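A structural walkthrough
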Amino acid sequence: MMKQKVYVIVGPTASGKTAAAIELAKLINGEIISADSMQIYKKMNIGTAKPTLKEMQGIVHHMIDIVEPDDDFSVAMFQKMAKECIKEIFLRGKTPIVVGGTGLYINSITYLLDFTKTIHDEVLREKLNKMDNIQLHQLLKNADEQSAQRIHPNDKKRVIRRLEILQSGKTDSYDFDVPNTEHQFIISGLSTDRKLLYERINQRVDDMVQNGLIDEAKCVYNQYGGKITSMQAIGYKEIVGFFEDKISQEECIELIRRNTRRFAKRQLTWFCRDERINWINTTEFSNMKELAQSMIK
RNA sequence: GCCUCGGUAGCUCAGCCGGUAGAGCAAGGGACUGAAAAUCCCUGUGUCGGUGGUUCGACCCCACUCUGAGGCA
């Protein structure tokens, strides 16, 4: 039996994924599954560049606005829910289109990442977090020499996570790069000249501010404070500094621009590693429809 | 027209007595296994405005020249 096709669109922020996905959905009777770690949060619309109802043009979107800004969320939950979405979309006789810039979330669908055998232990994390980097890394070295070599002592988050995994009894190393062959994934990556991409990012930040980003951030900040995970999003965390009088509004906007540029670079690094991605230079297309057409095999 | 101060990395600037240069920011590269827009690692990219001169050797001294800012007329 022919495997079912799942379309995937990746790329750095501001590369045009949202519009391309909607255009593709219109062409192939698709539904969109957002793979974006920040668009899952309600009340954070402008800064996360969520598509508006109008932009969606009637295309069904999943995995957007699914939790409150102060709710816990993780890849594990994303994977479970997104895989459910894929199943249901097929049942409706439609085609899933996974689109997003969160590499880990994308990989949780297109690779065989298994999050069911390990746990998440908040108490342990807090305990370990009190130790210093060297101590912690030594602890890991004693338990798992290989991981200790791979993970830098300063990358505390990863050292702790690794110790947490060991704590849950799983000691075998699992492969990060075993492709998920359950479906036929057709993965397109949107690329643009770096300079042009940066110009678009700068422009988009300005647009976001014009559209009321600061008020939106203030709303979330007033309700939940600045320490929740969702407030770590670019475009929000910088504004916290502004609210707390640490920086001026101009400095804050410049910071958002810079951090978004750096983020785009990190996304590119992540996606460039995946050789299954078929890269499309967006500047070669005069309109979104043509671009979407080029993604269909 | 004269005087003063400047011209060194993408930007802002250091550079002691002459031994061909270094900080911050920006930038580039990479990692990534339940926070991932997070977290972390690595890297100086340069005709020192130009042309001559002095010198074994010039970013540094001298002359001329181009250029920017200010001052005096």
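The rules behind the values
- Residues numbered from 1 in each chain as written.
- Chains lettered and ligands numbered in written order.
- Predicted model: local features only at pLDDT ≥ 70, side-chain atom pairs only at ≥ 80, totals over all residues.
- Heavy atoms only, no water.
- Pairing = 2+ DSSP bridges.
- Helix = DSSP H or I, 4+ residues; strand = E, 2+ residues; numbered from the N terminus.
- Phe/Tyr/Trp six-rings, centres within 6.5 Å; stacked < 30°, edge-to-face > 60°.
- Buried < 20%, exposed > 50% of the residue type's maximum accessible area, 1.4 Å probe, protein only.
- Lys NZ or Arg CZ within 6 Å of the ring centre and 35° of its normal.
- pLDDT = per-residue confidence, 0-100.

Further remarks concern the sheet that holds strand β4 (residues 95–99). The strand order across the open sheet formed by 6 strands is β3-β2-β4-β1-β5-β6, and the pairing between neighbours is parallel. The open sheet is flanked by β3 (61–62) and β6 (278–281), the only strands paired with a single partner. Inspection of the sheet shows strand β2 (residues 30–34) paired to β3 by 2 bridges, in the parallel sense. Each bridged residue has a counterpart across the sheet, and for Ile32 the counterpart in β3 is His61.

With that out of the way, let us pick up the packing of aromatic side chains. Evaluated as defined, the whole model comprises 4 aromatic pairs. Note on Phe78 and Tyr105: the rings are 4.6 Å apart at their centroids and 15° apart in plane angle, and the pair reads as stacked. With Phe78 in helix α3 (residues 75–91) and Tyr105 in helix α4 (residues 103–110), the pair connects residues that are 27 residues apart, well separated along the chain. Of the two residues examined, Phe78 and Tyr105, each falls in the buried class. Residue placement shows Lys218 over the ring face of Phe243; its charged tip is 4.5 Å from the ring centre.

Taken over all residues, the pLDDT of chain A has a mean of 93, while the share at 70 or more is 98%. Taken together, the chains of this predicted complex give a pTM of 0.91 and an interface ipTM of 0.92.

With 5 of 5 residues buried, β2 is to be regarded as a mostly interior element. Both faces of β2 are covered, namely the face carrying Gly30, Ile32 and Ser34 and the face carrying Glu31 and Ile33. Alignment of β2 against β4, held across 5 bridges, turns out to be parallel. Each residue of the ladder has a partner; that of Ile33, found in β4, is Val98.

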